[in-house]
Amino acid sequence: MKSDKFWAWLVFILGSAYFVVPLAATFEFSLRMRRGEYSFDAYASVFSDPYFASSFTYSVVVGLFTIIVGIFVVVPAVYFVRLRMPWLKPIMEFITLLPLVIPALVLVYGYIRLYGSSSFIPFTGSVLGTDILLTCAYVTLALPYMYRAVDNGMRTIDIGTLTEAAQIAGANQLQIIAQIILPNILVAILSGAFLTFAIVIGEFTIASLLNRPAFGPYLVGIGTNRAYEPAALAIISFIITWGAMGMINVLGRFAPRTSARTD
Amino acid sequence: MAAFLEVQNLVKSFGTNTVVKGVNFAFDKGEFISLLGPSGCGKTTILRMIAGFERPTSGAIRIDGEDLTHLKPNQRKLGMVFQAYALFPNLTVGDNIAFGLKIAGMPADQRRARVEEMLRLIGLPGFEKRYPYEMSGGQQQRVALARAIAPKPRLLLLDEPLSALDAKIRVSLREEIRAIQRDLGITTVFVTHDQEEAMSISDRIVVMNAGNIDQMGSPHEIYNRPATRFVAGFVGQLNTLPEATFGPNRAIRPELISLAPRPDTDTTLTGTISDVGFLGSVVRLRVDVAGTPINIDTFNSHSTTPPQRGDTITLHLATKDVLTLGA
């Protein structure tokens, strides 16, 4: 028993160190901007940079739109495939995995080809068009996570019977999705939303190649030009991402409870 | 009087598999009808076609003369209770019951009054603010019943509503369902595979077998005058009698055989007891009569001990109680 625990702890400590040591080192380095003593000068410098605020705000707004569009695309798709066309499910799974297989670079070159200013649909010809294109690209990138989160959410409720119960009570398809399905998978949707948010906040390739002032390109720019600020920024992005992950856990406690009882 | 619920030449095929093979029935307003049969006999498919969840391959369904066959489920004005309760987990009990009323556009104050009335009817007053997961299965199913009848549907459909519940709740809830149904006079179609359940609460029973109706009638008719061998075997217990004495295809219910002569008995059989099952109020004996196993139900008596295994006994029965089984 005792030695079992010893090995378990050893593996746990080694695993933790693998993740924690670089982080701790980064954090320690970010505090060393002022010579000879620890300070938060690097953080102050980051927060006082107007580009930090503007690029972060830009990414947050794009992130929110990505989440909204993602929900509108994924929720009805998963609902109808589960309910009416279950034979489509393997195809759905395959398609939603593609963004993990195809590099973002390939995706964005395809976009520039297809939607460039000399094409039939010149999305990149205007700022708004490019923003829309960027949002669509992020919806695609987040698809594997959003799809799985929503699919898991729908697995935990009996959407078939709930749909029938609502139908026989007189509800139409839109009322069923809005009033019954969505509220019951809200927690799953939110966890998908936070994952999406975490991806969008750090994304570099697409935003950079579409030349939009997003947070990812800003991070990289700072990283090549400054010494201490990148470390501070890295810690800040970690905190944001962890915050998003933590929210998923907190929300998990509010998941709908099963009511199947026989008594 | 014209029939209220009418089903005509109803056929349903899934691919090459025909599960409902031309079913006809007509029932009056206010009747409690059970569709009874083993799993796969097509009873649930018929209910789902009445509800509108399945489209009939051919045939027609009418309520009060109106053809429903091509209406969507949400246009039919029916109520339904499901085996798995299917309460909306995100809504309170009150909102669950009010769901159909809200969809129909009833004003909030009227909805509240109707919800209160329904909760009183199902014996759960003051439960508006609870969530389904906070309630027992029996309570949830009563709420599901209230949700189904709150909008005053033309027809109430019950899809094995008791199957997920414990035995005790099952019996008390079925009596409650029947009482409420009688009170409201609502025409009800009840699907079950449990013959005891069907017998105890139905005005009329439709016994289904492999997509066809084998027999339709009151519980009394079905039990005492089964039309087919399948009905006789499915509804209640049955003993096939030895062919040598009685001729082919003769059978009798276990409770119609007695251990002592009665004024109406005219035949005896002798056999050895091979098993004694004590069921409480009833003692079930398994008797071996020249190789034919025969079950006998006798009432338990405080004063006499039941017969023992290995005893040789004489069985008394009346020829008028012997059923002749058809195909």
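Let us look at the structure shown here. Since the structure is predicted, the reported quantities are computational estimates derived from the model, not experimental observations.

**Notes on helix H2 (residues 93-103) of chain B**
Then step 1. Summarising burial for H2 of chain B: nine of the eleven residues are buried, a large majority.
Then step 2. The complete set of buried residues in H2 of chain B reads Val93, Gly94, Asn96, Ile97, Ala98, Phe99, Gly100, Leu101 and Ile103 of chain B.
Then step 3. At its buried positions, H2 of chain B is contacted by helix H7 (159-168) and helix H8 (173-184) of chain A together with helix H3 (108-121) and helix H4 (137-149) of chain B.
Then step 4. A positive phi of about 85° marks Gly105 of chain B, the residue just after H2 of chain B.

**Section: the nonpolar core**
Then step 1. The biggest cluster of nonpolar side chains holds 60 residues, and the ones touching the most others in it are Val150 and Met154 of chain A together with Ile46, Phe99 and Leu157 of chain B.
Then step 2. Beyond its immediate stretch of four places on either side in the chain, Ile46 of chain B contacts Leu10, Val20, Val23, Phe25, Leu35 and Met208 of chain B.
Then step 3. The next biggest cluster of nonpolar side chains, apart from the first, holds 32 residues, and it includes Ile97, Leu119, Met135 and Leu158 of chain B.

**Considering the packing of aromatic side chains**
All names here are of chain A.
Then step 1. Tallying each qualifying case throughout the model produces 20 aromatic pairs over all chains.
Then step 2. Consider the rings of Phe29 and Tyr228, whose centres lie 4.9 Å apart with planes at 25°: the pair is stacked. Taken as a pair, Phe29 in helix H1 (residues 2-30) and Tyr228 in the loop between helix H11 (215-225) and helix H12 (229-252) lie far apart in primary sequence, 199 residues in all.
Then step 3. Residue classification places Tyr228 among the partly exposed residues on the basis of a relative accessible area of 25%.
Then step 4. For the pair Tyr79 and Phe80, a centre-to-centre distance of 5.1 Å together with 70° between the ring planes defines the contact as edge-to-face.
Then step 5. Judged by relative accessible area, which is 0%, Tyr79 ranks as buried.

**A closer look at the sheet that holds strand S12 (residues 250-252) of chain B**
Residues and elements named next belong to chain B.
Then step 1. Taken together, the three strands give an open sheet; going across it, the order is S11-S12-S17, and neighbouring strands pair in antiparallel fashion. Of all strands in the sheet, those bounded by a partner on one side alone are strand S11 (239-240) and strand S17 (323-324).
Then step 2. Sheet topology places S11 next to S12; two bridges connect them, and they run antiparallel. What sits directly across from Asn239, in S12, is Ile252.

Calculation criteria
- Residues numbered from 1 in each chain as written.
- Chains lettered and ligands numbered in written order.
- Predicted model: local features only at pLDDT ≥ 70, side-chain atom pairs only at ≥ 80, totals over all residues.
- Heavy atoms only, no water.
- Buried < 20%, exposed > 50% of the residue type's maximum accessible area, 1.4 Å probe, protein only.
- Helix = DSSP H or I, 4+ residues; strand = E, 2+ residues; numbered from the N terminus.
- Contact = heavy atoms within 4.5 Å.
- Core = buried A, V, L, I, M, F, W, Y, C linked by side-chain atoms within 4.5 Å.
- Phe/Tyr/Trp six-rings, centres within 6.5 Å; stacked < 30°, edge-to-face > 60°.
- Pairing = 2+ DSSP bridges.

Geometry only, nothing functional implied.
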